[in-house]
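Spelled out, the chains give:
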Amino acid sequence: DAGITQSPRHKVTETGTPVTLRCHQTENHRYMYWYRQDPGHGLRLIHYSYGVKDTDKGEVSDGYSVSRSKTEDFLLTLESATSSQTSVYFCAISDGGLMGTGELFFGEGSRLTVL
Amino acid sequence: RKEVEQDPGPFNVPEGATVAFNCTYSNSASQSFFWYRQDCRKEPKLLMSVYSSGNEDGRFTAQLNRASQYISLLIRDSKLSDSATYLCVVNMRSSASKIIFGSGTRLSIRP
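Residues numbered from 1 in each chain as written. Chains lettered and ligands numbered in written order. Predicted model: local features only at pLDDT ≥ 70, side-chain atom pairs only at ≥ 80, totals over all residues. Heavy atoms only, no water.

A short note on the overall build of chain B
When its secondary structure is counted, chain B shows zero helices and 11 strands. From first element to last, N terminus to C terminus, chain B shows the α and β order β-β-β-β-β-β-β-β-β-β-β. Relative to the globule expectation of 13 Å for 111 residues, the C-alpha radius of gyration of chain B, 13 Å, shows essentially globular dimensions. Projected onto the principal axes, the alpha-carbon positions of chain B cover approximately 45 × 30 × 20 Å. Looking at chain B residue by residue over its 111 residues, the buried ones come to 45%. (Helix = DSSP H or I, 4+ residues; strand = E, 2+ residues; numbered from the N terminus. Rg over C-alpha atoms; globule rule 2.2 N^0.38 Å. Buried < 20%, exposed > 50% of the residue type's maximum accessible area, 1.4 Å probe, protein only.)

This is the structure:
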C-alpha cells in the first residue's frame, strides 16, 4: 500500500471553529489532492498541489485553503467550519500526475462532523 | 449534466452471475479512463485502467467506446467479495483538476 496517512481520522467540531486536516506521504510523489465525498456527489476535488508551494483550486474550493511547505505534507484548512463541510475527506497522491498513469493512491479518509 | 455519469444502483445479483456497469462522460477531450473500487467506509482503490482496445483482468473486462463516450465494466462469475461501489474515473490530462469521478455504482452480491 502507498504510504499515505491522514490525521485526524475522525473529528467532531462546532460551527465557526478552525479545522486543519493533515496528509502525509512517504512516496515522494509530486502531486497531492484533497477530495471530499458526500452521498450522491461522489468524490469532488477541493484543492490540489503540483509541487512545494504550488497549489490550485478544484471544483469545490470555497471555504477551504491548503498549504504545502514540504513534499510530504499537504494541509487542508477550514478557516471557519460550517455544517455543510461535514463530510469524509480523502487525500490522494500520484506520481506523474496527468502525464503519468493517472492512478491515484488514497489515504484512509478523515471523517469530519461539524455541529 | 454531470461530466461523468453512472447508474447509482444498487445492483443486487446472485453469486456466479454476470453483471455489467456503464459510465458515460461528456467531454470528448477525455484521454484516460479507470475503474476504481471502494468498499464501505474505505478509500477508493484502482481496479483497472481502461484501454481503447478493451482489456481484461481475470473475471473483469473493461471496454471503451470513444464514439459514444462511454466505458463499461463487466464482472463474470461474481463473488461475494465483489460487493462494493465501483467508481468510473475520467482523466482529461489537460489539468489536474480534470480528474473526474463518477458518483459510483453500488453492487451487492447475494449468496
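Next, the rest of the story.
Looking at the packing of aromatic side chains
Here the structure, examined in full by the defined rule, presents 14 aromatic pairs over all chains. Taking 6.2 Å as the distance between ring centres and 90° as the angle between the ring planes, the aromatic pair formed by Phe106 of chain A and Tyr36 of chain B counts as edge-to-face. Pair noted here: Phe106 of chain A is in strand β10 (residues 105–106) and Tyr36 of chain B is in strand β4 (residues 32–38), and the two residues belong to different chains. Through successive ring pairs, a cluster of aromatic residues spans Tyr33, Tyr35, Tyr48, Tyr50, Phe90 and Phe106 of chain A together with Phe34, Tyr36 and Phe101 of chain B. (Phe/Tyr/Trp six-rings, centres within 6.5 Å; stacked < 30°, edge-to-face > 60°.)

A look at the pairing of strand β7 (residues 60–65) of chain B
Residues and elements named next belong to chain B. In terms of strand pairing, strand β6 (residues 55–57) meets β7 through three bridges, oriented antiparallel. In the strand pairing of β7, Asn55 is matched with Ala62. Hairpin connection from β6 to β7: two residues lie between these consecutive antiparallel strands, with Gly58 at a positive phi of about 65°. With six bridges connecting them, β7 and strand β8 (residues 70–75) associate as antiparallel partners. In the strand pairing of β8, Thr61 is matched with Leu74. Counting the residues that bridge the hairpin from β7 to β8 gives four residues, and of these Gln69 lies at a positive phi of roughly 60°. (Pairing = 2+ DSSP bridges.)

Considering the environment of Ser72 of chain B
Residue and element names in this part refer to chain B. Here Ser72 is to be found in strand β8. In this structure Ser72 comes out as buried when scored by relative accessible area, which is 14%. For the pair formed by Ser72 and Thr24, sequence separation is 48 residues and the distance between their alpha carbons is 8.7 Å. Every residue in contact with Ser72, bar those within four places of it in the chain, is listed here: Phe21, Asn22, Trp35, Thr61, Ala62 and Gln63. (Contact = heavy atoms within 4.5 Å.)

Points about unusual backbone geometry
Omega for the peptide link from Ser7 of chain A to Pro8 of chain A comes to -10°, which places this bond in the cis form. With respect to the secondary-structure elements, Pro8 of chain A resides in the loop between β1 (4–7) and β2 (10–13). Cis peptide bonds are those with omega within 30 degrees of zero, and the linkage from Gly9 of chain B to Pro10 of chain B qualifies with 5°. Here Asn28 of chain A, not a glycine, exhibits a phi torsion of approximately 60°, which is positive. Mapped onto the elements of the fold, Asn28 of chain A is located in the loop between β3 (19–25) and β4 (31–38). With phi around 65°, Lys53 of chain A is a residue other than glycine that occupies positive phi space. Mapped onto the fold, Lys53 of chain A is located in the loop between β5 (42–51) and β6 (54–57).

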